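Breakdown of the fold
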Amino acid sequence: MSNKMWGSRFSSGPDAIMEDINASIDFDKRLYAQDILGSKVHCQMLVATGIISSEDGEKITHGLDTILSEMEAGKFEFSRALEDIHMNVESRLAELVGDAAGRLHTARSRNDQIALDFRLYVRDTALEFENALQDLQLALAQKALEFNDALMPGFTHLQTAQPITFGHHCLAYVEMFGRDCSRMRDARLRMNECPLGAAALAGTSFPIDRHMTAREMKFDHPMANSMDAVASRDFVLELLSASAITAINLSRLAEEIVIWCSAPFKFVKLSDKFSTGSSIMPQKRNPDAAELVRAKVGRIVGALTSLLIVMKGLPLTYSKDMQEDKEQAFDAFDSLGLGLAAMAGMIRDLEPQVDNMEKYAASDFSTATDLADWLVRVADLPFRQAHHVTGQLVALASARNITLDEIPLADMTKVEARISQEIYDVLSAKNSINSRTSYGGTAPDNVKQQALRWLDILQSNKEVP
Ligand code: ARG
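Here's what I pulled together on the structure shown here. Note that the structure is a prediction, hence the values are computed from the model and not measured. (Residues numbered from 1 in each chain as written. Predicted model: local features only at pLDDT ≥ 70, side-chain atom pairs only at ≥ 80, totals over all residues. Heavy atoms only, no water.)

1. So, the nonpolar core
Residues Phe118, Leu136, Leu140, Phe166, Leu240, Met343 and Ile347 are the most contacted members of the largest nonpolar core, which totals 79 residues. The biggest single contributor to this core is helix H10 (residues 234-261), with 15 residues. Ignoring any residue separated from it by four or fewer positions in sequence, one finds Ile347 in contact with Leu136, Ala139, Leu140, Lys143, Leu253 and Ile257. Membership of the second largest hydrophobic core comes to 20 residues, among which are Leu46, Ile85, Leu93 and Leu104. (Core = buried A, V, L, I, M, F, W, Y, C linked by side-chain atoms within 4.5 Å. Buried < 20%, exposed > 50% of the residue type's maximum accessible area, 1.4 Å probe, protein only. Helix = DSSP H or I, 4+ residues; strand = E, 2+ residues; numbered from the N terminus. Contact = heavy atoms within 4.5 Å.)

2. Concerning the site of the ligand
Surveying the vicinity of the ligand reveals the residues Ser24, Asp28, Asp84, His86, Arg110, Asn111, Ile114, Tyr318, Lys320, Gln323 and Lys326. At a separation of 3.4 Å, a nitrogen atom of the ligand approaches a polar side-chain atom of Asp84. Separating an oxygen atom of the ligand from a side-chain N or O atom of Tyr318 is a distance of 2.4 Å. About the coverage of the ligand: the protein hides 87% of its 340 Å² of free accessible area. Among the elements that take part in the shell around the ligand, helix H6 (residues 110-146) stands out by supplying 3 residues, more than any other. Here the shell around the ligand is composed, by residue class, of 2 nonpolar, 4 polar and 5 charged. (Near = heavy atom within 4 Å. Polar contact = N/O pair within 3.5 Å; in protein donor to acceptor, adjacent residues only side chain to side chain. Areas by Shrake-Rupley, 256 points an atom, 1.4 Å probe, with all protein chains shown as cover. Nonpolar A, V, L, I, M, F, W, Y, C, P; charged D, E, K, R; others polar.)

3. A look at unusual backbone geometry
Backbone torsion omega between Leu316 and Thr317 reads 0°, so that peptide bond is classified as cis. Structurally, the position occupied by Thr317 is in the loop between helix H11 (288-311) and helix H12 (327-349). In this structure, Asp364 takes a positive phi of about 55° despite not being glycine. Note on Asp364: relative accessible area 54%, which makes it exposed.

4. A look at the pairing of strand E2 (residues 159-165)
One ladder, built from 6 bridges, connects strand E1 (residues 151-156) with E2; its direction is antiparallel. What sits directly across from Met152, in E2, is Ile164. Counted along the chain from E1 to the antiparallel partner E2, the turn is 2 residues long, and its residue His157 has a positive phi close to 55°. (Pairing = 2+ DSSP bridges.)

5. Description of the packing of aromatic side chains
A full pass over the atoms with the stated rule returns 12 aromatic pairs. One aromatic cluster in this structure is built from Phe118, Tyr121, Phe235 and Phe330. For Arg30, the ring lying beneath its charged end belongs to Phe330, and the centroid distance is 4.7 Å. Sitting over the face of the ring of Phe118, Lys326 holds its NZ or CZ atom 5.5 Å from the ring centroid. (Phe/Tyr/Trp six-rings, centres within 6.5 Å; stacked < 30°, edge-to-face > 60°. Lys NZ or Arg CZ within 6 Å of the ring centre and 35° of its normal.)

6. Quick look at the state of the cysteines
Taken as a whole and assessed by the stated rule, the structure comprises 0 disulfides. Cys261 takes part in no disulfide bond, and the closest cysteine sulfur to it belongs to Cys170, at a distance of 13 Å. Overall, the relative accessible area of 24% leaves Cys261 in the partly exposed class. (Disulfide = S-S within 2.5 Å.)

7. A short note on the side chain of Gln137
Structurally, Gln137 can be placed in helix H6. For Gln137, the side chain forms a polar contact with the main-chain oxygen of Val174, separated by 2.8 Å.

8. Things to note about the packing of helix H3 (residues 32-48) against H6
When two helices pack together, their arrangement is given by the angle between the helix axes and the distance between those axes. Direction vectors running N to C along H3 and H6 enclose 120°, while the axes themselves pass 9 Å from each other. Taken together, the axes of H3 and H6 are oblique relative to one another. Taken as a pair, H3 and H6 cross one another with a handedness that is right-handed. Packed against H3, whose contacting residues are Gln34, Asp35, Leu37, Gly38 and Ser39, the element H6 presents Gln113, Leu116, Asp117, Leu120, Tyr121 and Asp124 at the interface. Its residues placed into classes, the contact of H3 with H6 shows 4 nonpolar, 4 polar and 3 charged. (Axes fitted to C-alpha atoms, helices over the stretch in contact; angles between N-to-C directions. Parallel < 35°, antiparallel > 145°, perpendicular 65-115°, else oblique. Left-handed = near helix turned anticlockwise from the far one by under 90°.)

The following block contains the structure:
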(Lines give C-alpha, C1' and ligand atoms only; values in the text may rest on other atoms or scores of the structure.)
Protein backbone atom coordinates (compact mmCIF):
# COMPACT_ATOMS: atom_id res chain seq x y z
CA MET A 1 0.00 0.00 0.00
CA SER A 2 1.32 3.45 -0.79
CA ASN A 3 1.75 5.98 2.00
CA LYS A 4 -1.62 7.29 3.03
CA MET A 5 -0.33 10.79 3.77
CA TRP A 6 1.44 11.44 0.47
CA GLY A 7 1.08 8.32 -1.66
CA SER A 8 -1.58 9.28 -4.24
CA ARG A 9 0.91 9.61 -7.09
CA PHE A 10 2.55 6.30 -6.16
CA SER A 11 1.26 2.95 -7.39
CA SER A 12 3.11 0.85 -4.83
CA GLY A 13 4.30 1.21 -1.26
CA PRO A 14 7.97 1.47 -0.32
CA ASP A 15 10.36 -1.45 -0.29
CA ALA A 16 11.00 -2.70 3.24
CA ILE A 17 14.54 -1.39 2.98
CA MET A 18 13.24 2.00 1.86
CA GLU A 19 11.11 2.11 4.98
CA ASP A 20 14.11 1.15 7.11
CA ILE A 21 16.32 3.87 5.76
CA ASN A 22 13.61 6.50 5.61
CA ALA A 23 11.62 6.16 8.82
CA SER A 24 12.64 8.48 11.62
CA ILE A 25 9.81 7.80 14.04
CA ASP A 26 11.99 5.58 16.25
CA PHE A 27 13.95 8.64 17.29
CA ASP A 28 11.89 11.69 16.36
CA LYS A 29 8.99 10.54 18.54
CA ARG A 30 10.98 12.28 21.22
CA LEU A 31 9.79 15.54 19.70
CA TYR A 32 6.11 14.78 20.25
CA ALA A 33 5.49 17.57 22.76
CA GLN A 34 7.17 20.16 20.54
CA ASP A 35 5.34 18.85 17.48
CA ILE A 36 1.95 19.06 19.14
CA LEU A 37 2.66 22.49 20.59
CA GLY A 38 3.67 23.76 17.13
CA SER A 39 0.52 22.28 15.61
CA LYS A 40 -1.73 23.82 18.24
CA VAL A 41 -0.22 27.25 17.74
CA HIS A 42 -0.38 26.89 13.96
CA CYS A 43 -4.04 25.91 14.24
CA GLN A 44 -4.81 28.87 16.50
CA MET A 45 -3.20 31.17 13.95
CA LEU A 46 -5.13 29.60 11.04
CA VAL A 47 -8.34 30.32 12.93
CA ALA A 48 -7.28 33.87 13.90
CA THR A 49 -6.48 34.73 10.30
CA GLY A 50 -9.71 33.17 8.98
CA ILE A 51 -7.86 30.53 6.99
CA ILE A 52 -9.80 27.75 8.70
CA SER A 53 -13.08 27.90 10.62
CA SER A 54 -13.18 28.06 14.39
CA GLU A 55 -15.23 24.83 14.45
CA ASP A 56 -12.47 22.99 12.63
CA GLY A 57 -9.92 24.75 14.83
CA GLU A 58 -11.64 23.50 17.96
CA LYS A 59 -11.84 19.93 16.70
CA ILE A 60 -8.19 19.97 15.77
CA THR A 61 -7.10 21.46 19.09
CA HIS A 62 -9.15 18.96 21.02
CA GLY A 63 -7.79 16.09 18.96
CA LEU A 64 -4.22 17.29 19.48
CA ASP A 65 -4.78 17.42 23.25
CA THR A 66 -6.06 13.84 23.16
CA ILE A 67 -2.99 12.73 21.20
CA LEU A 68 -0.72 14.49 23.68
CA SER A 69 -2.28 12.66 26.60
CA GLU A 70 -2.09 9.34 24.74
CA MET A 71 1.60 9.92 24.11
CA GLU A 72 2.30 11.07 27.65
CA ALA A 73 0.57 7.97 28.99
CA GLY A 74 2.63 5.75 26.67
CA LYS A 75 -0.59 4.57 24.99
CA PHE A 76 0.08 5.89 21.51
CA GLU A 77 0.91 3.35 18.84
CA PHE A 78 3.65 4.75 16.67
CA SER A 79 3.80 3.46 13.13
CA ARG A 80 6.97 3.18 11.07
CA ALA A 81 4.90 3.16 7.90
CA LEU A 82 3.96 6.73 8.77
CA GLU A 83 7.65 7.66 8.77
CA ASP A 84 7.90 10.41 11.31
CA ILE A 85 6.34 12.17 14.27
CA HIS A 86 4.49 14.68 12.07
CA MET A 87 2.61 12.09 10.10
CA ASN A 88 1.97 9.88 13.10
CA VAL A 89 0.26 12.81 14.79
CA GLU A 90 -1.65 13.90 11.70
CA SER A 91 -2.86 10.42 10.89
CA ARG A 92 -4.13 9.86 14.43
CA LEU A 93 -5.77 13.28 14.30
CA ALA A 94 -7.72 12.16 11.24
CA GLU A 95 -8.89 9.08 13.13
CA LEU A 96 -10.02 11.26 16.01
CA VAL A 97 -11.58 14.27 14.29
CA GLY A 98 -12.15 13.24 10.69
CA ASP A 99 -11.94 15.70 7.82
CA ALA A 100 -11.04 18.73 9.92
CA ALA A 101 -7.63 17.10 10.51
CA GLY A 102 -6.83 17.55 6.86
CA ARG A 103 -6.97 21.33 7.25
CA LEU A 104 -4.17 21.53 9.82
CA HIS A 105 -1.42 21.21 7.25
CA THR A 106 -2.63 24.31 5.35
CA ALA A 107 0.23 26.79 4.82
CA ARG A 108 2.71 24.44 6.44
CA SER A 109 5.18 21.76 5.40
CA ARG A 110 7.04 19.09 7.27
CA ASN A 111 10.11 21.13 6.44
CA ASP A 112 9.19 24.10 8.61
CA GLN A 113 7.55 21.73 11.07
CA ILE A 114 10.72 19.77 11.82
CA ALA A 115 12.80 22.95 11.84
CA LEU A 116 10.44 24.27 14.51
CA ASP A 117 10.20 21.08 16.57
CA PHE A 118 13.93 20.61 16.77
CA ARG A 119 14.59 24.28 17.46
CA LEU A 120 12.15 24.16 20.38
CA TYR A 121 13.85 21.02 21.68
CA VAL A 122 17.36 22.43 21.36
CA ARG A 123 16.30 25.72 22.95
CA ASP A 124 14.97 23.84 26.02
CA THR A 125 18.11 21.73 26.14
CA ALA A 126 20.33 24.81 26.16
CA LEU A 127 18.40 26.16 29.13
CA GLU A 128 18.70 22.82 30.96
CA PHE A 129 22.46 22.89 30.42
CA GLU A 130 22.69 26.45 31.74
CA ASN A 131 20.91 25.34 34.91
CA ALA A 132 22.99 22.17 35.26
CA LEU A 133 26.21 24.11 34.77
CA GLN A 134 25.18 26.62 37.40
CA ASP A 135 24.41 23.80 39.81
CA LEU A 136 27.86 22.34 39.21
CA GLN A 137 29.44 25.76 39.68
CA LEU A 138 27.56 26.10 42.95
CA ALA A 139 28.90 22.76 44.21
CA LEU A 140 32.43 23.82 43.28
CA ALA A 141 32.15 27.31 44.76
CA GLN A 142 30.89 25.82 48.04
CA LYS A 143 33.92 23.49 48.16
CA ALA A 144 36.15 26.44 47.32
CA LEU A 145 34.85 28.44 50.24
CA GLU A 146 35.18 25.51 52.62
CA PHE A 147 38.73 24.74 51.48
CA ASN A 148 39.92 28.22 50.60
CA ASP A 149 43.17 27.75 52.54
CA ALA A 150 43.72 23.97 52.14
CA LEU A 151 47.20 23.57 50.69
CA MET A 152 47.87 21.39 47.70
CA PRO A 153 50.58 21.20 45.08
CA GLY A 154 49.80 23.04 41.87
CA PHE A 155 51.07 21.37 38.73
CA THR A 156 52.34 22.29 35.32
CA HIS A 157 53.22 19.32 33.07
CA LEU A 158 51.75 17.31 35.99
CA GLN A 159 55.02 18.08 37.80
CA THR A 160 54.89 19.90 41.13
CA ALA A 161 55.12 23.60 40.32
CA GLN A 162 53.98 25.87 43.15
CA PRO A 163 51.75 25.51 46.19
CA ILE A 164 48.11 26.46 45.66
CA THR A 165 44.91 25.92 47.59
CA PHE A 166 42.25 23.35 46.86
CA GLY A 167 39.73 26.17 46.80
CA HIS A 168 41.66 27.96 44.08
CA HIS A 169 41.71 24.80 42.00
CA CYS A 170 37.93 24.45 42.36
CA LEU A 171 37.40 28.06 41.34
CA ALA A 172 39.40 27.56 38.15
CA TYR A 173 36.63 25.18 37.09
CA VAL A 174 33.92 27.56 38.28
CA GLU A 175 35.32 30.11 35.81
CA MET A 176 35.53 27.55 33.00
CA PHE A 177 31.99 26.31 33.55
CA GLY A 178 30.83 29.93 33.76
CA ARG A 179 32.09 30.49 30.22
CA ASP A 180 30.50 27.21 29.10
CA CYS A 181 27.23 28.44 30.53
CA SER A 182 27.48 31.74 28.73
CA ARG A 183 28.20 29.93 25.44
CA MET A 184 25.01 27.91 25.97
CA ARG A 185 23.09 31.09 26.64
CA ASP A 186 24.53 32.84 23.56
CA ALA A 187 23.49 29.87 21.44
CA ARG A 188 20.01 29.87 22.97
CA LEU A 189 19.47 33.56 22.40
CA ARG A 190 20.75 33.40 18.83
CA MET A 191 18.50 30.46 17.90
CA ASN A 192 15.43 32.14 19.34
CA GLU A 193 13.67 32.95 16.07
CA CYS A 194 10.79 31.01 14.61
CA PRO A 195 10.94 29.02 11.35
CA LEU A 196 7.22 28.13 11.32
CA GLY A 197 5.39 29.56 8.31
CA ALA A 198 8.33 29.16 5.94
CA ALA A 199 6.28 26.24 4.59
CA ALA A 200 8.23 24.03 2.18
CA LEU A 201 10.84 26.69 1.36
CA ALA A 202 9.23 29.65 -0.40
CA GLY A 203 6.64 30.86 2.10
CA THR A 204 2.91 30.60 1.41
CA SER A 205 0.13 32.38 -0.44
CA PHE A 206 -2.17 32.12 2.61
CA PRO A 207 -2.45 35.24 4.78
CA ILE A 208 -0.69 33.65 7.77
CA ASP A 209 0.52 35.60 10.79
CA ARG A 210 4.05 34.49 11.51
CA HIS A 211 4.50 37.14 14.18
CA MET A 212 1.65 35.61 16.12
CA THR A 213 3.00 32.06 16.02
CA ALA A 214 6.49 33.30 16.91
CA ARG A 215 5.13 35.23 19.88
CA GLU A 216 3.00 32.32 21.11
CA MET A 217 6.05 30.09 21.31
CA LYS A 218 8.19 32.79 22.97
CA PHE A 219 10.45 33.38 20.00
CA ASP A 220 11.84 36.89 19.51
CA HIS A 221 10.52 37.07 15.93
CA PRO A 222 9.84 34.92 12.87
CA MET A 223 12.88 34.04 10.76
CA ALA A 224 13.17 36.59 7.99
CA ASN A 225 13.98 34.24 5.13
CA SER A 226 11.87 31.18 4.42
CA MET A 227 14.72 29.33 2.73
CA ASP A 228 17.09 29.91 5.64
CA ALA A 229 14.34 28.80 8.02
CA VAL A 230 14.03 25.31 6.54
CA ALA A 231 17.65 24.83 5.43
CA SER A 232 19.63 25.82 8.51
CA ARG A 233 20.81 23.59 11.28
CA ASP A 234 23.51 25.86 12.69
CA PHE A 235 21.43 26.21 15.85
CA VAL A 236 22.06 22.51 16.57
CA LEU A 237 25.69 22.78 15.53
CA GLU A 238 26.15 25.69 17.86
CA LEU A 239 24.74 23.91 20.89
CA LEU A 240 26.73 20.81 19.97
CA SER A 241 29.89 22.93 19.75
CA ALA A 242 29.18 24.48 23.12
CA SER A 243 28.44 20.98 24.43
CA ALA A 244 31.70 19.62 23.05
CA ILE A 245 33.70 22.39 24.74
CA THR A 246 31.80 21.84 27.99
CA ALA A 247 32.38 18.09 27.79
CA ILE A 248 36.07 18.66 27.27
CA ASN A 249 36.28 20.96 30.28
CA LEU A 250 34.30 18.41 32.26
CA SER A 251 36.65 15.63 31.18
CA ARG A 252 39.63 17.51 32.60
CA LEU A 253 38.01 17.70 36.02
CA ALA A 254 36.99 14.04 35.69
CA GLU A 255 40.58 13.12 34.88
CA GLU A 256 41.84 15.06 37.89
CA ILE A 257 39.39 13.25 40.14
CA VAL A 258 40.64 9.92 38.79
CA ILE A 259 44.24 10.96 39.48
CA TRP A 260 43.47 12.44 42.90
CA CYS A 261 41.66 9.27 44.01
CA SER A 262 44.52 7.01 43.06
CA ALA A 263 46.52 5.62 46.00
CA PRO A 264 49.87 7.28 45.24
CA PHE A 265 48.05 10.64 45.29
CA LYS A 266 45.23 10.25 47.85
CA PHE A 267 44.24 13.88 47.46
CA VAL A 268 40.50 13.28 47.64
CA LYS A 269 38.05 10.63 48.66
CA LEU A 270 34.96 10.00 46.58
CA SER A 271 31.81 8.99 48.42
CA ASP A 272 30.47 5.45 48.23
CA LYS A 273 27.59 6.86 46.23
CA PHE A 274 29.92 7.75 43.37
CA SER A 275 32.35 4.83 43.57
CA THR A 276 32.12 1.21 42.51
CA GLY A 277 33.80 -1.97 43.68
CA SER A 278 35.68 -4.66 41.84
CA SER A 279 34.29 -8.16 41.40
CA ILE A 280 37.68 -9.73 42.09
CA MET A 281 39.65 -7.28 44.24
CA PRO A 282 37.70 -6.70 47.44
CA GLN A 283 39.73 -3.66 48.47
CA LYS A 284 39.01 -1.66 45.30
CA ARG A 285 37.08 1.61 45.10
CA ASN A 286 36.89 2.74 41.52
CA PRO A 287 35.98 6.22 40.30
CA ASP A 288 33.78 4.88 37.48
CA ALA A 289 31.53 7.92 37.34
CA ALA A 290 34.52 10.19 36.74
CA GLU A 291 35.90 7.81 34.12
CA LEU A 292 32.57 7.74 32.28
CA VAL A 293 32.27 11.51 32.35
CA ARG A 294 35.76 11.59 30.85
CA ALA A 295 34.74 9.08 28.18
CA LYS A 296 31.44 10.67 27.15
CA VAL A 297 33.41 13.34 25.30
CA GLY A 298 33.85 10.83 22.50
CA ARG A 299 30.16 10.69 21.74
CA ILE A 300 29.65 14.41 22.08
CA VAL A 301 32.52 15.45 19.84
CA GLY A 302 31.47 12.61 17.52
CA ALA A 303 27.96 14.02 17.21
CA LEU A 304 29.33 17.47 16.42
CA THR A 305 31.71 16.09 13.80
CA SER A 306 28.98 13.95 12.31
CA LEU A 307 26.51 16.80 11.86
CA LEU A 308 29.19 19.16 10.55
CA ILE A 309 29.89 16.59 7.86
CA VAL A 310 26.21 15.96 7.12
CA MET A 311 25.67 19.68 6.53
CA LYS A 312 28.82 20.31 4.56
CA GLY A 313 28.06 21.16 0.95
CA LEU A 314 24.28 20.61 1.20
CA PRO A 315 22.53 22.78 -1.37
CA LEU A 316 19.63 24.91 -0.11
CA THR A 317 17.10 24.15 1.10
CA TYR A 318 15.91 21.00 2.87
CA SER A 319 17.47 17.66 2.00
CA LYS A 320 16.67 14.39 3.70
CA ASP A 321 20.28 14.28 4.83
CA MET A 322 19.17 16.69 7.50
CA GLN A 323 17.10 14.00 9.19
CA GLU A 324 20.48 12.74 10.40
CA ASP A 325 20.72 15.79 12.66
CA LYS A 326 18.71 14.26 15.48
CA GLU A 327 19.81 10.83 16.68
CA GLN A 328 23.37 11.71 17.58
CA ALA A 329 22.42 15.13 18.88
CA PHE A 330 19.93 13.49 21.27
CA ASP A 331 22.61 11.07 22.38
CA ALA A 332 25.17 13.85 22.84
CA PHE A 333 22.76 16.03 24.80
CA ASP A 334 21.69 13.10 27.00
CA SER A 335 25.31 12.26 27.68
CA LEU A 336 26.20 15.80 28.60
CA GLY A 337 23.18 16.18 30.86
CA LEU A 338 24.11 12.99 32.68
CA GLY A 339 27.76 13.98 32.90
CA LEU A 340 26.94 17.37 34.40
CA ALA A 341 24.64 15.83 37.00
CA ALA A 342 27.16 13.11 37.89
CA MET A 343 29.93 15.66 38.27
CA ALA A 344 27.85 17.91 40.53
CA GLY A 345 27.06 14.84 42.67
CA MET A 346 30.71 13.79 42.87
CA ILE A 347 31.87 17.29 43.81
CA ARG A 348 29.24 17.72 46.52
CA ASP A 349 30.35 14.47 48.20
CA LEU A 350 34.07 14.85 47.59
CA GLU A 351 36.30 14.87 50.68
CA PRO A 352 39.67 16.54 50.12
CA GLN A 353 42.39 14.73 52.10
CA VAL A 354 43.81 17.93 53.47
CA ASP A 355 46.78 16.52 55.42
CA ASN A 356 48.06 14.50 52.53
CA MET A 357 47.70 17.31 50.03
CA GLU A 358 49.51 19.64 52.42
CA LYS A 359 52.41 17.20 52.68
CA TYR A 360 52.89 17.29 48.93
CA ALA A 361 52.28 21.03 48.66
CA ALA A 362 55.77 21.63 50.05
CA SER A 363 57.50 18.77 48.24
CA ASP A 364 59.70 18.84 45.17
CA PHE A 365 61.08 22.31 45.89
CA SER A 366 57.66 23.83 45.22
CA THR A 367 58.71 27.11 46.86
CA ALA A 368 61.76 27.63 44.62
CA THR A 369 59.98 30.51 42.88
CA ASP A 370 59.39 32.12 46.28
CA LEU A 371 63.12 31.88 46.94
CA ALA A 372 63.93 33.49 43.59
CA ASP A 373 61.32 36.21 44.19
CA TRP A 374 62.91 36.94 47.60
CA LEU A 375 66.29 37.41 45.91
CA VAL A 376 64.70 39.93 43.56
CA ARG A 377 62.64 41.75 46.16
CA VAL A 378 65.07 41.84 49.11
CA ALA A 379 68.51 41.30 47.63
CA ASP A 380 67.76 43.30 44.45
CA LEU A 381 68.99 40.65 42.00
CA PRO A 382 67.65 40.77 38.42
CA PHE A 383 65.09 37.93 38.08
CA ARG A 384 67.22 35.96 35.59
CA GLN A 385 70.13 35.93 38.00
CA ALA A 386 67.85 35.04 40.91
CA HIS A 387 66.53 32.13 38.84
CA HIS A 388 70.09 30.93 38.26
CA VAL A 389 71.06 31.17 41.97
CA THR A 390 67.88 29.34 42.98
CA GLY A 391 68.63 26.61 40.46
CA GLN A 392 72.01 26.07 42.11
CA LEU A 393 70.40 25.88 45.56
CA VAL A 394 67.83 23.36 44.31
CA ALA A 395 70.62 21.24 42.85
CA LEU A 396 72.47 21.39 46.16
CA ALA A 397 69.39 20.40 48.19
CA SER A 398 68.51 17.68 45.71
CA ALA A 399 72.04 16.19 45.91
CA ARG A 400 71.83 16.09 49.71
CA ASN A 401 68.22 14.91 49.66
CA ILE A 402 67.05 17.80 51.85
CA THR A 403 64.43 20.52 51.42
CA LEU A 404 65.28 24.13 50.57
CA ASP A 405 64.68 25.31 54.13
CA GLU A 406 67.08 22.64 55.41
CA ILE A 407 70.04 24.19 53.54
CA PRO A 408 72.25 25.87 56.18
CA LEU A 409 72.63 29.63 55.80
CA ALA A 410 76.41 29.23 55.41
CA ASP A 411 75.84 27.09 52.30
CA MET A 412 73.29 29.54 50.94
CA THR A 413 75.64 32.49 51.25
CA LYS A 414 78.39 30.54 49.51
CA VAL A 415 76.11 30.50 46.44
CA GLU A 416 74.90 34.09 46.85
CA ALA A 417 76.42 36.41 49.45
CA ARG A 418 73.38 38.66 49.72
CA ILE A 419 71.20 35.90 51.20
CA SER A 420 70.26 36.43 54.87
CA GLN A 421 68.35 34.52 57.56
CA GLU A 422 65.07 36.17 56.50
CA ILE A 423 64.97 34.01 53.39
CA TYR A 424 63.75 31.04 55.46
CA ASP A 425 60.48 32.91 56.06
CA VAL A 426 59.42 32.52 52.45
CA LEU A 427 60.24 28.86 52.02
CA SER A 428 57.13 27.30 53.52
CA ALA A 429 54.17 26.37 51.36
CA LYS A 430 51.89 28.29 53.70
CA ASN A 431 53.90 31.46 53.24
CA SER A 432 53.95 30.88 49.52
CA ILE A 433 50.15 30.79 49.14
CA ASN A 434 49.68 33.68 51.54
CA SER A 435 52.00 35.79 49.41
CA ARG A 436 50.08 35.19 46.16
CA THR A 437 47.83 38.17 46.68
CA SER A 438 47.91 39.49 43.10
CA TYR A 439 44.43 39.69 41.54
CA GLY A 440 43.37 36.17 40.58
CA GLY A 441 46.17 34.61 42.68
CA THR A 442 45.84 31.71 45.13
CA ALA A 443 46.10 33.62 48.45
CA PRO A 444 43.36 32.23 50.75
CA ASP A 445 41.76 35.66 51.17
CA ASN A 446 41.50 36.05 47.41
CA VAL A 447 40.00 32.58 47.13
CA LYS A 448 37.48 33.35 49.82
CA GLN A 449 36.45 36.59 48.12
CA GLN A 450 36.10 34.93 44.74
CA ALA A 451 34.12 32.02 46.19
CA LEU A 452 31.78 34.47 47.90
CA ARG A 453 31.42 36.49 44.72
CA TRP A 454 30.34 33.37 42.80
CA LEU A 455 28.07 32.11 45.57
CA ASP A 456 26.34 35.46 45.58
CA ILE A 457 25.77 35.26 41.82
CA LEU A 458 24.74 31.62 41.80
CA GLN A 459 22.44 31.74 44.80
CA SER A 460 20.60 34.87 43.73
CA ASN A 461 18.98 35.47 40.40
CA LYS A 462 21.81 37.62 39.23
CA GLU A 463 22.82 37.28 35.62
CA VAL A 464 25.88 35.02 35.41
CA PRO A 465 28.74 37.14 34.05
N1 ARG B 1 11.67 13.38 9.27
C2 ARG B 1 12.12 14.55 8.61
C3 ARG B 1 13.36 15.12 9.29
O4 ARG B 1 13.64 14.73 10.37
C5 ARG B 1 11.05 15.60 8.64
C6 ARG B 1 11.01 16.49 7.45
C7 ARG B 1 10.65 15.73 6.27
N8 ARG B 1 10.42 16.56 5.13
C9 ARG B 1 10.28 16.02 3.93
N10 ARG B 1 10.07 16.82 2.98
N11 ARG B 1 10.43 14.75 3.74
O12 ARG B 1 14.08 15.89 8.72
